[in-house]
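# Report on the structure
Spelled out, the chains give:
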Amino acid sequence: MIEIHEVTKKFKDKKVHVTALKHVSFTVQKGQVVGLLGENGAGKTTLLRTIATLLVPTEGHVTVAEYDSVKQATEVKKRIGVLFGGETGLYNRLTARENLEYFATLYGLSKHETKVRIDDLAKMFGMRDYLNRKVGDFSKGMRQKVAIARTLIHNPDIILFDEPTTGLDITSSNVFRQLVHQLKRDGKTIIFSSHIMEEVSMLCDSVAMMHKGELVYHGAIEELYKSEGSKDLNYIFTSKLVRGNDEYAS
Ligand SMILES: Nc1ncnc2c1ncn2[C@@H]1O[C@H](COP(=O)(O)OP(=O)(O)O)[C@@H](O)[C@H]1O
Ligand SMILES: [Mg+2]
């Protein structure tokens, strides 16, 4: 479903070159939930932005449902929903429904499609009671649901969440977790970045661990537990970083 092939991304920041991604390669199958782990600056956001067609790789390429993220970006965009942490992208003065209608228009949905889709999402996420209230008055958990509904308005097969629960309280984090379970049941392919190990071990089938722009591990979470002889993802992650990339590359 998603193929990341030898992707390198370099930024030029005031004449200083930063290599945010170094020859990153891995594949995500349809219906998988992948946890993207890494410290601050590891390259998680850069990778998600690249998959989402918002950045062009310096080297290598990404294909989504066999479409190239650069040459066929429009096709890729249709199939992807993205939510970047911290920002909900919602308009406080509009109601939940109006917000969703607005984003539906951006994706070119017809009036009828929009109505059906909003009804489905409201039902799925338990938002029917407050669809017609202004988002500005919502709790964080309610906003979170609307923000996620917004990313799903065009019914994408692939969903990318960048640190979706960072800074959220427990209730809102739980909202996110429940929604991921639901999306997984619907066969969606999901990649989300997080530094909350518990969340990753609860929700993911596989993990991709990044360190300083390099992929230090990618594989099934159960395999990882087996090979490391531990189910403590925090411990595994730290020890992987200490051992570096050598072992994985060999
Ligand atoms: N637009 C940019 N210009 C210059 N450097 C950037 C830009 N975006 C990210 N970087 C750098 O790339 C590296 C990876 O950043 P990022 O992908 O945001 O990491 P993460 O999301 O894992 O915290 C960091 O060193 C960061 O400073
Ligand atoms: Mg980030």
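Because the structure is predicted, anything quoted here is derived from the model rather than measured.

## Considerations on helix 5 (residues 140–151)
Helix length check: helix 5 (12 residues) gives 16 Å between terminal C-alpha atoms against 16 Å at 1.5 Å per residue, within 8%. For helix 5, the buried fraction is high: 11 of the 12 residues fall into the buried class. Of all the residues in helix 5, the buried ones are Gly141, Met142, Arg143, Gln144, Lys145, Val146, Ala147, Ile148, Ala149, Arg150 and Thr151. Contact partners of the buried residues in helix 5: strand 6 (80–84), helix 3 (96–106), helix 4 (111–124), strand 7 (158–162) and helix 6 (170–185).

## Some details on the packing of helix 5 against helix 6
The contact between helix 5 and helix 6 brings their axes to 8 Å, and the two run at 30°. Between helix 5 and helix 6, the crossing angle belongs to the class labelled roughly parallel. Seen from above, helix 5 lies across helix 6 with right-handed handedness. Contacts from Lys140, Gly141, Gln144, Lys145 and Ile148 of helix 5 reach helix 6 at Ser172, Val175, Phe176 and Leu179. Tallied by class, the residues present in the contact of helix 5 with helix 6 amount to 4 nonpolar, 3 polar and 2 charged.

## A few points about the pattern of salt bridges
On inspection of all chains with the given rule, the structure shows 8 salt bridges. A salt bridge links Glu199 to Arg177; its shortest N-O distance comes to 3.2 Å. A residue pair is termed long-range when its members are at least 10 positions apart, and Glu199 in helix 7 (residues 197–203) and Arg177 in helix 6 qualify at 22 residues. Arg177 carries the same exposure label as Glu199, and that label is buried. When the shortest N-O distance is used, the salt bridge between Lys240 and Glu228 registers 3.4 Å.

Basis of the calculations
Residues numbered from 1 in each chain as written. Chains lettered and ligands numbered in written order. Predicted model: local features only at pLDDT ≥ 70, side-chain atom pairs only at ≥ 80, totals over all residues. Heavy atoms only, no water. Helix = DSSP H or I, 4+ residues; strand = E, 2+ residues; numbered from the N terminus. Expected span 1.5 Å × (residues − 1). Buried < 20%, exposed > 50% of the residue type's maximum accessible area, 1.4 Å probe, protein only. Contact = heavy atoms within 4.5 Å. Axes fitted to C-alpha atoms, helices over the stretch in contact; angles between N-to-C directions. Parallel < 35°, antiparallel > 145°, perpendicular 65-115°, else oblique. Left-handed = near helix turned anticlockwise from the far one by under 90°. Nonpolar A, V, L, I, M, F, W, Y, C, P; charged D, E, K, R; others polar. Salt bridge = Lys/Arg side-chain N within 4 Å of Asp/Glu carboxyl O.

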